[in-house]
Amino acid sequence: MESGDGVGEEDRLEKGLLSGVGQNSESGVNDDEEDVLYTASFKEGEENFVKYQTAWWVLYSLLLVLVWGIGLLMLGYLPVRRYISRKDIRSRKLYLTRNAIVYKVRRPVSFPCFGVVKKEKHVLLPSVADVVVEQGFLQSLFNVYSVRIENAGVTRPPSDDFRIQGLTNPAAFREAVLTRLSNNRDEVLPRQASYPNDATTPRMRVSSFASPISTSRSPGLYSFAQLTDAAVLEKLDEVCSTVKKIEALVEDRNPRTLILED
């Protein structure tokens, strides 16, 4: 009986640990989603996005037909391309958290029978300079927008910035990001103002370290200053003595000239 009770307790403990691990894993996956401030939508623009991708693929295929003839194979691949585009737009997730912009997508590879590609990108808000909403000529025909996230302090061409296509309301997403950036700056400024002595403490430390060096060199400096002062005084004494001699000579000569005149 005791062995049976022990086995039962072990089973219950094992089940409890497994359930706890499962709950922790699920909570870890949803940690980012708990602090979501804004979620962008791709659902309403699904059809327009698929049409835009189809038109772009057909135009590119026709150009290749005229040049090399490979475009015929690309036109035959068009149904697969539409399937990939639809799965791509349906799996996209874009949301704004307190500290970052998170983008997740899971789409099939070029040949869907070989699996899917998962992509997850986190753009930290301090590195964001601006959110640009763009729309080209072909995109305007299908009412499709692109959002480009510019990085702060990075000298790179706009083609290297992070781009997302197919957002339903890109202006609202841009406004949410810029609002969060301004709120972050407003939160940082009071913190810097509340600790005004942080910037002065290094200077105080530098002065405290520099004081022994100055005292060690002060006797030499003082002796050099004393020597220069003594030399200057000697020169002044010599000048005064010469001036006095000249005055004495002048006084000696003046009475004689007066006597002669009389």
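Residues numbered from 1 in each chain as written. Predicted model: local features only at pLDDT ≥ 70, side-chain atom pairs only at ≥ 80, totals over all residues. Heavy atoms only, no water.

So, the sheet that holds strand E5 (residues 128-134)
Within a sheet, each strand pairs with its neighbour through backbone hydrogen bonds, oriented either parallel or antiparallel. Stated formally: Paired strands, as defined in this entry, are two strands with at least two bridges between them according to DSSP. The secondary structure listing takes helices from DSSP runs of H or I that are at least 4 residues long and strands from runs of E that are at least 2 residues long, numbered from the N terminus. Each axis is a line fitted through C-alpha atoms, and for a helix only the stretch in contact is used; angles between axes span 0 to 180 degrees, taken between their N-to-C directions.
Spatial strand order, E5-E6-E7: three strands in an open sheet with antiparallel pairing. Looking along the sheet, the strands with just one partner apiece sit at the ends: E5 and strand E7 (162-165). Strand-to-strand twist of the sheet, defined as the mean angle between neighbouring strand axes without regard to direction, takes the value 20 degrees. Here E5 pairs with strand E6 (residues 146-151) via six bridges, running antiparallel. Note that in E6 the partner of Val 133 across the bridge is Val 147.

Things to note about helix H5 (residues 78-91)
The condition that has to hold: Between the first and last residue of a helix there are one fewer steps than residues, each counted as 1.5 Å, and that sum is the expected span. Classification of residues uses two cut-offs on accessible area relative to the type maximum, computed with a 1.4 Å probe and protein chains only: under 20% is buried, over 50% is exposed, and between them is partly exposed. What the arc measures is the spread of directions leading from the helix axis to the C-beta atoms. Contact between two residues is taken to exist if any of their heavy atoms lie within 4.5 Å; hydrogens are not considered.
Here H5 is 14 residues long and its end C-alpha atoms lie 20 Å apart, about the 20 Å a rise of 1.5 Å per residue gives. Where H5 is concerned, the buried positions are Leu 78, Ile 84, Ser 85, Asp 88 and Ile 89. For H5, the angular spread of buried residues about the axis comes to 125 degrees, placing them on one side. Along H5, exposed side chains directed more than 90 degrees from the buried face belong to Pro 79 and Arg 90. Packed against the buried residues of H5 are helix H3 (46-67), helix H4 (71-76), strand E3 (100-108) and E7.

Remarks on the packing of H3 against H5
Rule in force here: For any helix crossing, the convention is left-handed if the near helix is rotated counterclockwise from the far helix by under a right angle, and right-handed if that rotation is clockwise. Residues are grouped as follows: Ala, Val, Leu, Ile, Met, Phe, Trp, Tyr, Cys and Pro are nonpolar; Asp, Glu, Lys and Arg are charged; every other residue, Gly included, is polar.
Interhelical geometry of H3 versus H5 gives an angle of 145 degrees and a closest axis separation of 9 Å. In this structure, H3 crosses over H5, and the sense of that crossing is right-handed. Touching Glu 46, Glu 47, Phe 49, Val 50, Gln 53, Thr 54, Trp 56, Trp 57 and Val 58 of H3 are Leu 78, Arg 81, Arg 82, Ser 85, Arg 86, Ile 89 and Arg 90, all from H5. Here the contact of H3 with H5 is composed, by residue class, of seven nonpolar, three polar and six charged.

Examining the packing of aromatic side chains
Heads up, the condition is: Only Phe, Tyr and Trp rings take part, Trp by its six-membered ring, and two of them pair if their centres are within 6.5 Å. Stacked means planes under 30 degrees apart, edge-to-face means over 60, and tilted covers everything else.
Throughout the structure, instances matching the rule amount to seven aromatic pairs. A ring pair is formed by Tyr 38 and Phe 173, whose centres lie 6.2 Å apart and whose planes are at 45 degrees; its orientation type is tilted. A residue pair is termed long-range when its members are at least 10 positions apart, and Tyr 38 in strand E1 (residues 38-40) and Phe 173 in helix H7 (residues 170-194) qualify at 135 residues. Note on Phe 173: relative accessible area 1%, which makes it buried. Consider the rings of Phe 111 and Phe 114, whose centres lie 6.4 Å apart with planes at 85 degrees: the pair is edge-to-face. Looking at Phe 114, the relative accessible area reads 67%, which means it is exposed.

Some words on the side chain of Lys 104
Under the convention used in this document: Here a polar contact means two N or O atoms within 3.5 Å. Within protein one must be a hydrogen donor candidate and the other an acceptor candidate, and residues neighboring in sequence count only if both atoms are side-chain atoms.
Considering the arrangement of structural elements, one finds Lys 104 in strand E3. Residue Lys 104 is classed as buried on the basis of its relative accessible area, which comes to 17%. Engagement of the side chain of Lys 104 in a polar contact is seen with the side chain of Tyr 95, the distance being 3.2 Å. Residues in contact with Lys 104, not counting those within four places in the same chain, are Ser 91, Arg 92, Lys 93, Tyr 95, Lys 119 and Glu 120.

Things to note about the environment of Phe 49
Structurally, the position occupied by Phe 49 is in helix H3. With a relative accessible area of 2%, Phe 49 lands in the buried category. Spatially, the C-alpha atom of Phe 49 lies 5.8 Å from that of Gly 166, the residues being 117 residues apart in sequence. Beyond its immediate sequence surroundings of up to four residues, Phe 49 is in contact with Ser 85, Ile 89, Arg 92, Val 144, Gln 165 and Gly 166.

Bear in mind that shape data such as this cannot, by itself, settle questions of function.
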